[in-house]
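Here are the chains, one letter per residue:
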Amino acid sequence: MRRLRACLGTLAAAGSTALVAADASGATSALSNRWYAAAPYLMPLDNDPPDPAAIMDATGLKAFQLAFVLAPNGGGCTPTWGGTAPVASDTAVQSVISTIRAKGGDVSVSIGGYGGTKLGQACADPAATAAAYQQVVTKYGLHAIDFDLEEPEYENSAAIHNEIGAAKILQQNNPGLYVSVTTAGTADGTGWFGKQMLLEAKSQGFTPNNFSIMPFDGGFNGAASQTGALTSFNSVLQSTFGWDQATAYAHEGFSGMNGRSDTGEYFTQADFQTVLDYATSHHMDRFTFWSLNRDRQCTPADNGGRTSGTCSSVAQGSWDFAKYSVKFAGATPPDPTPTPTPTPTPASCKPAWSAGAVYTQGNEVSYGKHNWKAKWWTQNEVPGASQWGPWQDEGAC
C-alpha cells in the first residue's frame, strides 16, 4: 500500500495509471489504481487456495491482494510468507503472480494481518523495516502494497512507528506505488489504537492512498452498521488530518468479510451491494474483502454453522463476492449461464481428534464430521475453534 504522489493536497484520480516500479518479475505496466483499490484478499499458500485464473475468467477480476508477509517465526528482520516461507527464495507465490499477470492482471501484497509476528515488531527501526519490505517490492515488481495494521501489533506504539515510517520510506523510494493502510473498524469508525495509528501517520507526515477500516468482528449486523461506521470514520479522518468531507472520503476505504465473520456476524451479497453503493456514491478510494479463499459455497453440513477459512457459510455461487470488487473497479462482471453445483461426496473420516495427543505438521484427524490437517505442532487445541489456529479444514467426512 507507498508513493510520492500522496501529499496532502494531491489526490490521485480514481482509475489513474500508477507509474511502473522496477520489475524483476516480468510485468511491464501497472493496472489503474482503481483495480488495486478493488483487489480482494487471497492467501496463495494456505486455506485451500483457489485458482486465480479461474476467478478472473468467471468474474472479470484483474487484481488480487496476496496475504500475508510477516517476520520469520524464529525471529529476524527478513520478509516471509506466513512466517515460514522466505520471500528471497520463493517460487510458489511467484508462480501465482506470473499466472495472474499472464492474463493481464496484477497483485498487491499485504503485510501484517492478525496472526504471527510482524516486521514492525521484529525490525529495529523504520529504515530497517522499510528495507525488508523493499525486498518484497523488488522481488515481485510490485505496483501496490497494503499495510494491514491491527491487533495485537497496533497496540505496540514502537511497532506502529516502524510500520508507518517504513510505509513513508517506501512511498518516497518507489514513485507511483499504490499504498493502502488497513485497520480495525468500530461503530465510531476505529478504536483507540486505530486513532493512535492515524496520529502517528500525521506526526510523520505520511498520507497513503487510503486508510481502510474492517467493519466486522465488532458487534456489526449487516450493511447499515457498516455504512454507519464508514460515516463515523470519515469524521475521524477529517478531525485528524484537517480534511474536508470529500477529501476524507477520497482517502477512505472499506475492507469487509464475506459471509459469516469470526464472531458469527453475517454479511450477504445484498449487504455487499449496499456498502458498494455507499462507497461509490461517496467517491471512496477502496472496496475490498476477506477473502477469495472464502468466496464459495460451503457443504450443506457447514452452511451457516460456523466460520471457515475456505468457504463463506452463506448461500452463494462461486465468486459471488468478487463480482462486487469488479463493479467497484468500474468493470461489468460476465454473466454466464449458471450450472448446478454438484453435491460433494464426503471423504472418509480420519482417526478422531484427542485432546491429550500431540500432533505435528501434516497429521490428520477428524472432528465435528470434518477432517483436519495440523499446520504445526499442537496439543489440546480444538480443530475449528479459531480460523488462525493450528488446524486446516479439509472438508466434511
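So, here's what we can say about the structure. (Residues numbered from 1 in each chain as written. Predicted model: local features only at pLDDT ≥ 70, side-chain atom pairs only at ≥ 80, totals over all residues. Heavy atoms only, no water.)

## A word on the overall build of the protein chain
Our working definition: We count a stretch as a helix when DSSP gives it H or I for four or more residues in a row; a strand needs E for two or more, and each element gets its number in order from the N terminus. The cut-offs for exposure are 20% and 50% of the maximum accessible area for each residue type, with area from a 1.4 Å probe on protein chains only; residues under the lower value are buried, those over the upper are exposed, and the others partly exposed. Note on areas: Shrake-Rupley, 1.4 Å probe, and residue coverage restricted to the protein chains presented here.
Regarding its fold elements, the protein chain presents 11 helices and 17 strands. Among the 397 residues that make up the protein chain, the fraction classed as buried is 55%. Total accessible area computed for the protein chain in this model is approximately 15200 Å², and 54% of it derives from carbon and sulfur atoms.

## Considering the pairing of strand β2 (residues 63-70)
To be explicit about the condition: When DSSP finds at least two bridges between two strands, those strands are taken to pair. The path from the first strand over the helix to the second decides the hand: if it runs clockwise while the strands point away from the viewer, the crossover is right-handed.
The element β2 is largely enclosed, with a buried count of 8 among its 8 residues. Judged from the 2 bridges that link them, strand β1 (residues 41-42) and β2 form a sheet pairing that is parallel. Each bridged residue has a counterpart across the sheet, and for Leu42 the counterpart in β2 is Leu66. Handedness of the crossover joining β1 and β2 through helix α2 (residues 52-59) is recorded here as right-handed. Pairing geometry for β2 and strand β5 (residues 106-112), over 6 bridges, is parallel. When the sheet's bridge partners are listed, Gln65 is paired in β5 with Ser108. In terms of strand pairing, β2 meets strand β3 (residues 80-81) through 2 bridges, oriented antiparallel.

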